[in-house]
Amino acid sequence: MKPSPDAHTTLCGLFGHPIGHSLSPQFMNRAFGLLGINSDYLAFDVAPKALEEALCAFRALNMTGANVTIPHKTRIAGLLDKTEEDAQSIGAVNCIYRKKNLLVGANTDHVGFLKPLARRKIPLRGRDVLLFGCGGAARAVCYAAFREGVKTVFVTNRSDDRASSFLEWFSLVTPGTRCEYLGKPDAVTRVVLAKVSVIVNATPLGMFPDTAACPIPESADIPDRTTVYDLVYNPEETLLLKRARMAGAQTINGLEMLVSQGVFSLLHWFEGKKDDILAAEGELLSYTRRFLRLVPSEGEAGE
Ligand code: NAP
């Protein structure tokens, strides 16, 4: 149980703008309760011009840690004492922690993405992946895929503009992994689907309330030997995952990644509780699932 606030209670939080949609306060305070951690987690609506002041407050109030969300994920790196190499490569910081007296920026999306695959013993090394989307989450997925030794990433995107900056980034940070740009999602053919082992949706297609949307064209069948991983977590089973399940493919929903990346933040902040934090992951997943079912529209805007 979470201790009642007292003179030893520490502070963690979220810096974003807007932050009204975030599930992080419920998730983190639940985690503190399960782990008996004497800390509170609050969501702070930090306008872009107030980001430096928010970091001053972080130092002055001796905060333990913070998550960072839109629109601060890129700019905050330049305001911290240090940024981990992974976060630098991805170009986004979503977690701040203290190391000695320094404020360090990390990215927990890429490790959060890998955990559900590792849990199912699904290897990426030498395999081909099909990715929908070229945004921030797609970069974290590609970086993770590169680190795991994926052979080729086939990418599709709605707009060519974002795709070209993504491709430039990809060629710089993922040496040795091939990237093939297919164009718009409807360019995905049976030939491409037959080549890949893992299909990842890193777009909001299929997310509540537009649950009838699906990145894979209706005309293309999903092969049963693939793993289909949808980063969308509301609803838990998107149309893409339903089609994959009905085709006999293995499915992973975005909820597990959401919880795993939160768990990685906790590990940065409360290193001494590592075993307890890892042991609580299953309970945190069940809690988040129950919470989302109770308030489906709260998860609508993503993290
Ligand atoms: P982002 O940076 O805004 O990128 C969004 C991507 O989706 C872009 O490639 C965009 O294409 C594409 N897209 C947006 N609307 C589309 C539409 N109607 N049709 C086709 N493509 C569309 O967002 P992000 O941070 O990468 O997040 C992407 C998704 O992943 C969101 O649903 C988010 O909730 C989810 N996510 C989940 C987790 C998790 O832990 N489960 C973590 C991070 C993100 P354009 O370039 O054409 O705009």
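Residues numbered from 1 in each chain as written. Predicted model: local features only at pLDDT ≥ 70, side-chain atom pairs only at ≥ 80, totals over all residues. Heavy atoms only, no water.

### Details of the packing of helix H5 (residues 136-147) against helix H6 (residues 160-173)
And step 1. Where H5 meets H6, the closest approach of the two axes is 11 Å, and the angle between their N-to-C directions is 25°. In terms of orientation, H5 lies roughly parallel with respect to H6. The handedness of the crossing between H5 and H6 is right-handed. Across the interface between the two elements, Ala138, Arg139, Cys142, Tyr143 and Phe146 of H5 pack against Ser165, Phe166, Trp169, Phe170 and Val173 of H6.
And step 2. Looking at the contact of H5 with H6 residue by residue, the classes come out as eight nonpolar, one polar and one charged. (Axes fitted to C-alpha atoms, helices over the stretch in contact; angles between N-to-C directions. Helix = DSSP H or I, 4+ residues; strand = E, 2+ residues; numbered from the N terminus. Parallel < 35°, antiparallel > 145°, perpendicular 65-115°, else oblique. Left-handed = near helix turned anticlockwise from the far one by under 90°. Contact = heavy atoms within 4.5 Å. Nonpolar A, V, L, I, M, F, W, Y, C, P; charged D, E, K, R; others polar.)

### Structural notes on the pattern of salt bridges
And step 1. In the structure shown here, the tally under the stated rule is 13 salt bridges.
And step 2. Among the salt bridges present, the one from Arg59 reaches Asp81, with a minimum N-O distance of 3.2 Å. In this pair, Arg59 is assigned in helix H2 (residues 51-60) and Asp81 in the loop between strand E3 (65-68) and strand E4 (82-83), connecting sequence segments 22 residues apart.
And step 3. Judged by relative accessible area, which is 37%, Arg59 ranks as partly exposed.
And step 4. Exposure remark for Asp81: the relative accessible area of 39% places this residue in the partly exposed category. (Salt bridge = Lys/Arg side-chain N within 4 Å of Asp/Glu carboxyl O. Buried < 20%, exposed > 50% of the residue type's maximum accessible area, 1.4 Å probe, protein only.)

### So, the site of the ligand
And step 1. Around the ligand sit 22 residues, and of these Cys134, Ala137, Asn157, Arg158 and Arg162 come closest.
And step 2. Backbone polar atom of Gly136 to an oxygen atom of the ligand: 2.9 Å apart, as the coordinates give it.
And step 3. At a separation of 3.0 Å, a nitrogen atom of the ligand approaches a polar backbone atom of Leu231.
And step 4. Relative to its free-state accessible area of 920 Å², the ligand is covered by the protein chains to the extent of 80%.
And step 5. Elements that contribute at least two residues to the shell around the ligand include exactly H5 and helix H9 (254-269).
And step 6. It is H9 that provides the largest number of residues to the shell around the ligand, a total of four residues.
And step 7. Class assignment for the residues of the shell around the ligand results in 11 nonpolar, nine polar and two charged. (Near = heavy atom within 4 Å. Polar contact = N/O pair within 3.5 Å; in protein donor to acceptor, adjacent residues only side chain to side chain. Areas by Shrake-Rupley, 256 points an atom, 1.4 Å probe, with all protein chains shown as cover.)

Taken by themselves, the reported measurements are silent on function.
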